[in-house]
Amino acid sequence: MHSRNSRRLSGNSSLKVIGTFSKVLKKDGFLLFKPEFKDSDFLLDFDHLYHFDFKTKWKITSITKTGKGFLIRLDGVDSFKKAEFLIGEKFALPEDEIFGKSQDLLIGTAVYDKSGAIFGKIAVFTPTPAYSLAEIEKESGESEFIPFTDNFFELEEGKVILIRKP
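Figured I'd write up the structure that's included with this text. Note that the structure is predicted; figures quoted are calculated from it, not measured. (Residues numbered from 1 in each chain as written. Predicted model: local features only at pLDDT ≥ 70, side-chain atom pairs only at ≥ 80, totals over all residues. Heavy atoms only, no water.)

## Some remarks on the overall build of the protein chain
Assigned secondary structure in the protein chain consists of three helices and 12 strands. When its C-alpha atoms are laid out on the principal axes, the protein chain stretches across 55 × 35 × 25 Å. Expressed as a percentage of its 166 residues, the buried residues of the protein chain come to 39%. Nonlocal contacts in the protein chain, meaning residues at least 24 apart in sequence, comprise 51% of its contacts between residues at least 6 apart. Accessible surface for the protein chain amounts to roughly 9,600 Å². Of this, 48% is attributable to carbon and sulfur atoms. (Helix = DSSP H or I, 4+ residues; strand = E, 2+ residues; numbered from the N terminus. Buried < 20%, exposed > 50% of the residue type's maximum accessible area, 1.4 Å probe, protein only. Contact = heavy atoms within 4.5 Å. Areas by Shrake-Rupley, 256 points an atom, 1.4 Å probe, with all protein chains shown as cover.)

## Details of the sheet that holds strand 2 (residues 31–35)
Around the barrel, six strands lie side by side as 1-2-5-4-3-6; this closed barrel has antiparallel pairing. Here the average twist between neighbouring strands, direction ignored, is 45°. The pairing of strand 3 (residues 48–51) with strand 6 (residues 90–94) spans two bridges and is antiparallel. Along strand 6, the bridge assignment pairs Tyr 50 with Ala 92. (Pairing = 2+ DSSP bridges. Axes fitted to C-alpha atoms, helices over the stretch in contact; angles between N-to-C directions.)

## Regarding the nonpolar core
The nonpolar side chains of a soluble globular protein tend to be buried with one another. Formed by 23 residues in total, the largest nonpolar core has its most connected members in Ile 18, Phe 21, Phe 33, Leu 49 and Ile 72. Of all elements in the fold, only strand 1 (15–24), strand 2, strand 4 (57–66), strand 5 (69–74) and strand 6 reach the threshold of two or more residues within this core. Setting aside its immediate chain neighbours within four residues, Ile 18 contacts Phe 33, Lys 34, Pro 35, Glu 36, Phe 37, Phe 42, Leu 43, Leu 49, Phe 91, Ala 92, Leu 93 and Ile 98. In this structure, Ala 134, Ile 146, Phe 153 and Leu 162 belong to the second largest nonpolar core, which totals 13 residues. (Core = buried A, V, L, I, M, F, W, Y, C linked by side-chain atoms within 4.5 Å.)

## Observations regarding the sheet that holds strand 10 (residues 143–147)
Strand order in the open sheet formed by six strands is 10-9-8-7-12-11, with mixed pairing between adjacent strands. Each of the sheet's edge strands pairs with one partner strand only, and the pair in question is strand 10 and strand 11 (153–156). On average, each strand axis in the sheet is inclined to that of its neighbour by 40°, with strand direction left out of account. Judged from the three bridges that link them, strand 7 (residues 110–112) and strand 8 (residues 118–127) form a sheet pairing that is antiparallel. Residue Tyr 112 lies in a different strand from strand 8, and its bridge partner there is Ile 118.

## Regarding the pattern of salt bridges
Here the structure, examined in full by the defined rule, presents four salt bridges. A salt bridge links Lys 165 to Glu 144, with the nearest nitrogen and oxygen atoms 3.6 Å apart. Remark: Glu 144 occurs in strand 10 and Lys 165 occurs in the segment after strand 12 (159–162); sequence separation between them is 21 residues. (Salt bridge = Lys/Arg side-chain N within 4 Å of Asp/Glu carboxyl O.)

## Quick notes on unusual backbone geometry
Positioned with a positive phi, Lys 55 is a non-glycine residue whose angle comes to about 65°. If you trace the backbone, Lys 55 turns up in the loop between strand 3 and strand 4. At Glu 157, a position not held by glycine, the phi torsion is positive, near 50°. If you trace the backbone, Glu 157 turns up in the loop between strand 11 and strand 12. Given a relative accessible area of 78%, Glu 157 falls into the exposed group.

Given below as structure tokens:
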């Protein structure tokens, strides 16, 4: 079953869990994938996932967004019996491949000012009609709310940089 999917993650790439398979939906191996994040549409741009524990790469042959998650078919998983082995398993993507593709993934990330000093860390995003507000927690315990837009933030080389304050 794993011959086409047996490539393992190499190097120092760190994996971030993005969801789990929760149910086999079709006899031919289609599975329901429940993402960990609200803003998970970025998954539609990927053609692979990694099993979080085993670090094995799985090729996505079909992915469709549904109201309950994503309908996914993996290469080599072509029956109900093969698919049921994946129920409850955590799947991930390398952090460097998904950085900045989801605001939810940035929660807990350090925010740097232009000089390279740590300004704080992202605690939460609050949606507004026009943009999201990033709540930045400072070491002092105080929080500052800043619009999470290109006017205030840049995402660069795996870092969130505050380019100006409101």
